[in-house]
Amino acid sequence: MVVFTQTEFIYDKDRIFRQLHLKENENATKYTHQVFPKLIKLAKENLKITTCYSIRKNITHLNLPNIDCCKYVVSCFCSCSNKINEVIEDLIQKNEFLDGFLLNHISNEILFNASNQMNTQLENTINYLGLRLTKRHSPGENNIDLQVQENILRNLKDETNLEVSLTENYMLEPEKSMLYYFGADSQIESHSTKHDCKTCDSINCPHRLVD
Ligand code: SF4
């Protein structure tokens, strides 16, 4: 069964400024402070976030790497509607490049936070079921082929009508979408769903935690 989760619209303005390397008293920083409320309003009106996961028996045809030792597979999906991309594109078309760039970053950050909220809810369910999770696996990272996205999507779409597809280059449509999976079993070492940037090789990840 696919479980759709409710998440809050959460962002941390200071963290966003740190991620963007915006320092006090610089012109770009002053400008960002000024437009920030407008961009948050645009994000609130246009993001339309979907978060869901499914827990299923790990049978052969699912074919997801690194979780052969687990009885269950957990497939996770988080996405925004295409509307937010249209709004960003519209800003860029009007030569409001910085606003478009900032809205893009803010939207990614809010989606990332929604995914973390869903992961916490998932962890509670997994604990309740007496299971433990492997670490998170994402196609495109740590030698897992992007093509594996097909298997995760098939797994989710077997059970529900999700408005998401893959292009021929295995890019997700809507573009602002995240697809990842965990193994789950009662006999494995437990892993947190929290992101551990110190051990992650995604150097260019826009969500990389900064101190
Ligand atoms: S860099 Fe950090 S936030 Fe980005 S994918 Fe890796 S662990 Fe997650």
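Now for a quick tour of the structure. Since this is a predicted model, take the numbers as computed values, not measurements.

**Looking at the side chain of Thr51**
- With respect to the helices and strands, Thr51 occurs in strand E2 (residues 50–57).
- Since its relative accessible area comes to 2%, Thr51 is described here as buried.
- Once you skip the residues sitting within four places of it in the chain, Thr51 turns out to touch Val3, Phe4, Thr5, Thr7, Phe77, Cys78, Ala114 and Met118.

**Considerations on the site of the ligand**
- With respect to spatial proximity, the complete set of residues near the ligand consists of Phe112, Arg136, Glu141, His195, Asp196, Cys197, Cys200, Ser202, Cys205, His207 and Arg208.
- Its residues assigned to classes, the shell around the ligand comprises four nonpolar, three polar and four charged.

**Concerning the packing of helix H3 (residues 83–93) against helix H4 (residues 97–128)**
- The geometry of H3 relative to H4 is characterised by a closest axis approach of 7 Å and an angle of 160° between their N-to-C directions. Of the possible angle classes, the one that applies to H3 and H4 is roughly antiparallel. By crossing handedness, the relation of H3 to H4 is classed as left-handed. Across the interface between the two elements, Ile84, Val87, Ile88, Leu91 and Ile92 of H3 pack against Phe97, Asp99, Gly100, Leu103, Asn104 and Ser107 of H4.
- Taken together, the residues that form the contact of H3 with H4 break down as seven nonpolar, three polar and one charged.

**As for H4**
- Taking 1.5 Å of rise per residue, the 32 residues of H4 would be expected to cover 46 Å, and the 47 Å separating its terminal C-alpha atoms lies within 8% of that figure.
- Where H4 terminates, the next one or two residues include Gly130, which has phi positive at roughly 75°.

**Comments concerning the environment of Ile16**
- Along the polypeptide, Ile16 turns up in helix H1 (residues 13–19).
- Counting along the chain gives 89 residues from Ile16 to His105, while the straight-line C-alpha distance between them is 8.0 Å.
- Ignoring anything within four residues of it in the chain, the contact list for Ile16 reads Tyr11, Phe36, His105, Ile106 and Glu109.

**Quick word on the sheet that holds E2**
- The five strands lie next to each other as E1-E2-E3-E7-E4, forming an open sheet whose pairing is antiparallel. What marks the edges here is a single partner per strand, and that holds for strand E1 (2–4) and strand E4 (132–133).
- Pairing between E4 and strand E7 (residues 177–185): two bridges, direction antiparallel. Bridging across to E7, Arg132 finds its partner in Asp185.
- Packing against the sheet, helix H5 (residues 148–157) makes contact with E1, E2, strand E3 (72–79) and E7, and its axis sits at approximately 75° to E7.

Thresholds, definitions, all that
- Residues numbered from 1 in each chain as written.
- Predicted model: local features only at pLDDT ≥ 70, side-chain atom pairs only at ≥ 80, totals over all residues.
- Heavy atoms only, no water.
- Helix = DSSP H or I, 4+ residues; strand = E, 2+ residues; numbered from the N terminus.
- Buried < 20%, exposed > 50% of the residue type's maximum accessible area, 1.4 Å probe, protein only.
- Contact = heavy atoms within 4.5 Å.
- Near = heavy atom within 4 Å.
- Nonpolar A, V, L, I, M, F, W, Y, C, P; charged D, E, K, R; others polar.
- Axes fitted to C-alpha atoms, helices over the stretch in contact; angles between N-to-C directions.
- Parallel < 35°, antiparallel > 145°, perpendicular 65-115°, else oblique.
- Left-handed = near helix turned anticlockwise from the far one by under 90°.
- Expected span 1.5 Å × (residues − 1).
- Pairing = 2+ DSSP bridges.

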